[in-house]
Amino acid sequence: MRRATDASLPTFGTMSSKASESKMSSSQYSYIFKYIIVGDMGVGKSCLLHQFTEQKFTADCPHTIGVEFGTRIIEVSGKKIKLQIWDTAGQERFRAVTRSYYRGAAGALMVYDITRRSSYNHLSSWLSDTRNLTNPGTVIYLIGNKLDMESNRDVSYEEAKQFADENGLMFLEASAKTGEYVEDAFLKTAQIIYECIQDGRLDLNAADSGVQQKILQCETNPNVEKDKSCMQC
Amino acid sequence: MDVEDVLSDVVSMEDLKKFEKEYHNQLTTGTVSQETKFHYAWCLVRSNYPADIRKGLILLEQLIKHEANDDDAKRNYLYYLALGNSRIKEYSTALQFIKAFLHMQPENMQAQNLLVTIQKKMESDAHKGMAVAGALALGLSAIVGIGFALSKNLKK
Ligand SMILES: Nc1nc2c(ncn2[C@@H]2O[C@H](COP(=O)(O)OP(=O)(O)OP(=O)(O)O)[C@@H](O)[C@H]2O)c(=O)[nH]1
Ligand SMILES: [Mg+2]
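Residues numbered from 1 in each chain as written. Chains lettered and ligands numbered in written order. Predicted model: local features only at pLDDT ≥ 70, side-chain atom pairs only at ≥ 80, totals over all residues. Heavy atoms only, no water.

K.L.:
Which residues make up the coordination of the magnesium ion (ligand 2), and what values go with them?
P.N.:
Residues and elements named next belong to chain A. Taken together, Ser-46 (OG) and Thr-64 (OG1) make up the protein donors of the magnesium ion (ligand 2), found 2.0 Å from the metal. With Ser-46 in helix H2 (residues 45–54) and Thr-64 in the loop between H2 and strand E3 (67–76), the pair connects residues that are 18 residues apart, well separated along the chain. Summarising the burial analysis for this pair, Ser-46 and Thr-64 share the class buried. (Donors = N, O, S within 2.8 Å, 3.2 Å for Na, K, Ca; no water. Helix = DSSP H or I, 4+ residues; strand = E, 2+ residues; numbered from the N terminus. Buried < 20%, exposed > 50% of the residue type's maximum accessible area, 1.4 Å probe, protein only.)

K.L.:
Before we move on, could you go through the site of ligand 1 and cite the residues and values that matter?
P.N.:
Residue and element names in this part refer to chain A. The environment of ligand 1 is formed by 25 residues, the closest being Lys-45, Ala-59, His-63, Gly-90 and Asp-148. Between an oxygen atom of ligand 1 and a main-chain N or O atom of Cys-47, the distance comes to 2.9 Å. Bound to the protein, ligand 1 loses 91% of the 650 Å² it would expose on its own. Considering every element that reaches the shell around ligand 1, the biggest residue donor is H2, with three residues. Looking at the shell around ligand 1 residue by residue, the classes come out as ten nonpolar, nine polar and six charged. (Near = heavy atom within 4 Å. Polar contact = N/O pair within 3.5 Å; in protein donor to acceptor, adjacent residues only side chain to side chain. Areas by Shrake-Rupley, 256 points an atom, 1.4 Å probe, with all protein chains shown as cover. Nonpolar A, V, L, I, M, F, W, Y, C, P; charged D, E, K, R; others polar.)

K.L.:
Provide a residue-level description of the pattern of salt bridges, including the pertinent values.
P.N.:
Inspection of every chain in the model, using the stated rule, returns 19 salt bridges over all chains. Where Glu-75 of chain A meets Lys-80 of chain A, a salt bridge forms, and the shortest distance between an N and an O atom there is 3.7 Å. Accessibility expressed as a relative area gives 22% for Lys-80 of chain A, which makes it partly exposed. Between Glu-14 of chain B and Arg-103 of chain A there is a salt bridge; the shortest N-O distance is 3.9 Å. Placement of Glu-14 of chain B in helix H1 (residues 13–29) and of Arg-103 of chain A in the loop between helix H3 (95–98) and strand E5 (107–113) is noted, with the two residues assigned to different chains. (Salt bridge = Lys/Arg side-chain N within 4 Å of Asp/Glu carboxyl O.)

K.L.:
Describe the packing of aromatic side chains, and please don't skip the residues or the numbers.
P.N.:
Applying the stated criterion across every chain, the model contains 17 aromatic pairs over all chains. Taken together, a centroid distance of 6.3 Å and an interplanar angle of 15 degrees make the contact between Tyr-35 of chain A and Phe-186 of chain A stacked. One end of the pair, Tyr-35 of chain A, is in strand E2 (residues 31–38); the other, Phe-186 of chain A, is in helix H7 (residues 182–198), and 151 residues separate them in sequence. Judged by its relative accessible area of 0%, Tyr-35 of chain A is buried. Here Phe-52 of chain A and Phe-186 of chain A contribute two aromatic rings whose centre-to-centre distance is 4.0 Å and whose plane-to-plane angle is 5 degrees, an arrangement assigned as stacked. Separated by 134 residues along the polypeptide, Phe-52 of chain A in helix H2 and Phe-186 of chain A in helix H7 bring together distant segments of the chain. Since its relative accessible area comes to 0%, Phe-52 of chain A is described here as buried. On the basis of relative accessible area, Phe-186 of chain A is assigned to the buried category, the value being 1%. Aromatic rings pair up to connect Phe-94 of chain A together with Phe-38, Trp-42, Tyr-77, Tyr-79 and Tyr-80 of chain B into one cluster. (Phe/Tyr/Trp six-rings, centres within 6.5 Å; stacked < 30°, edge-to-face > 60°.)

K.L.:
Break down empty space enclosed by the protein for me, citing the residues and quoting the values.
P.N.:
Applying the stated criterion across every chain, the model contains three cavities of 30 Å³ or more. Volume-wise, the largest cavity comes out at about 60 Å³. Lining the largest cavity, in full, are Ser-46, His-50, Cys-61, Pro-62, His-63, Thr-64 and Glu-68 of chain A together with Asn-108, Met-109 and Gln-110 of chain B. Partitioning the lining of the largest cavity into residue classes produces three nonpolar, six polar and one charged. Counted as a void, the second largest cavity has a volume near 50 Å³. If you trace the second largest cavity, you find it lined by Val-67, Trp-86 and Tyr-101 of chain A together with Val-6, Asp-9, Trp-42, Arg-46, Tyr-79, Tyr-80 and Leu-83 of chain B. (1 Å grid on protein atoms, 1.4 Å probe; cavity = no way out; pocket = protein on both sides within 12 Å on 5 of 7 lines; lining within 4 Å. Points joined across faces, edges and corners; volume = space filled by probe spheres on them.)

K.L.:
Describe in detail helix H3 (residues 50–66) of chain B, supporting the description with residues and values.
P.N.:
An α-helical turn contains 3.6 residues, so a residue and the one three or four places further along point in the same direction. Residue and element names in this part refer to chain B. With 17 residues, H3 extends 24 Å between its outermost C-alpha atoms, agreeing within 8% with the 24 Å of an ideal straight helix rising 1.5 Å per residue. Residues Asp-52, Ile-53, Gly-56, Leu-57, Leu-59, Leu-60, Leu-63 and Ile-64 constitute the buried set of H3. Each buried residue of H3 lies within a common arc of 165 degrees when the element is viewed along its axis, so the set occupies one face. Among the exposed residues of H3, those pointing more than 90 degrees away from its buried face are Ala-51, Ile-58, Lys-65 and His-66. Here the buried face of H3 lies against H1, helix H2 (34–45) and helix H4 (71–87). (Expected span 1.5 Å × (residues − 1). Arc of directions from axis to C-beta. Contact = heavy atoms within 4.5 Å.)

K.L.:
Now, about the confidence of the model for chain B: what can you tell me, with residues and values included?
P.N.:
With 85% of its residues at a pLDDT of 70 or more, chain B has an overall mean of 89. Across the interface, the model reports ipTM at 0.80; the global pTM reads 0.83. (pLDDT = per-residue confidence, 0-100.)

K.L.:
Any chance you could break down H1 of chain B for me, citing the residues and the numbers?
P.N.:
Residues and elements named next belong to chain B. The end-to-end C-alpha distance of H1, which contains 17 residues, comes to 24 Å, matching closely the 24 Å that a straight helix rising 1.5 Å per residue would cover. Looking at H1, one finds that the buried residues are Asp-15, Leu-16, Phe-19 and Tyr-23. Down the axis of H1, the smallest arc covering the buried residues is 100 degrees, so these residues share one side. Set apart from the buried face of H1 by more than 90 degrees, the exposed residues are Glu-14, Lys-17, Lys-21, Thr-28 and Thr-29.

K.L.:
Residues and numbers for the packing of H1 of chain B against H2 of chain B, please.
P.N.:
All names here are of chain B. Running from N to C, H1 and H2 cross one another at 145 degrees; their axes reach a closest spacing of 9 Å. The element H1 and its partner H2 pack so that their crossing is left-handed. Counting all contacts with H1, which are made through Asp-15, Leu-16, Phe-19, Glu-20, Glu-22, Tyr-23, His-24 and Gln-26, the residues of H2 involved are Thr-36, Lys-37, His-39, Tyr-40, Cys-43 and Leu-44. Of the residues belonging to the contact of H1 with H2, the class tally is six nonpolar, four polar and four charged. (Axes fitted to C-alpha atoms, helices over the stretch in contact; angles between N-to-C directions. Left-handed = near helix turned anticlockwise from the far one by under 90°.)

And the structure:
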């Protein structure tokens, strides 16, 4: 098992507890990032989403119908960011229509199953859709899922890492079942997007940047101290 | 872009036009494939216009009748019938469709989520309805008040 970490990345964290998350008014975040999750059917896209948004794993997850939607508020470098995640169906019958969800994604999680080589072989087709239908600035994260099934491994870490490097993708292996490295995938994607905003590589005014800046509305939550980030108050 | 749930997801004009064209092309040349019909219906039920949504629902009902023996396909159509109906506020019909789905596959989280979303929407719309009724009543009493004041003035 290997971990794709980078110590130079800025600190990140999630809301400390569910309770603090629900107490927050829905407008208490600075940005919205749009994500899409793509890849063959059955690779575990929906399980990754559910693990990330609800810390739940379903052993017998049925095929997604069209698209599923999930959100979670995270924190990157002290800024709260709402992730808006579109989990697309991998079944061929939905492919034509799920293509419309790529538009305006700031982050794309491209998933294959480390125990099923065919799902890895199809990556080039998923990658070309992702490249053609998103912006040049979209962060693409390759995820080898089902890391818990090491004994059935069909694609080596090295091979996939090489594919990722050749195509300029971020890469890690994760398990939606145990939850291992699931947070990392979602949070690191957000960090990179955030860095791109900070250094101006991502133009927020461009249509379809996949990022929306929110103006915090303090008056909706009297418990929150007014601070300088609330310029409208 | 601040989408809250699957019900607030709106089709792009570009997509709607594209799949509409495909559908009409097939209509004029002969038979429409189930696939094309489904793609078009999927776009229609996510439109902002109720007339489009209703058209999409008709197509979905045709599809579901045609593929009544394919459980997988049937569930897909039931899901979008529920989604489309709730987008035109036909909540009780929407609930019937999503419950029919859950009868076939009770543990399906996506369908459970849609059920909860529809129920929430129903509730918030009921509240809005009450607020509107309240505002109307206020407006009415204001008009009556003005009328009353005017008539008093005239009598002087
Ligand atoms: N052992 C193991 N099983 C997993 C993991 N992730 C998903 N699965 C199983 O793989 C199956 C498919 O998972 P899904 O999340 O539904 O796959 P998907 O990519 O969303 O599939 P589509 O919606 O059809 O595109 C389910 O039965 C899951 O229980 C994992 O990390 N480890
Ligand atoms: Mg899925």
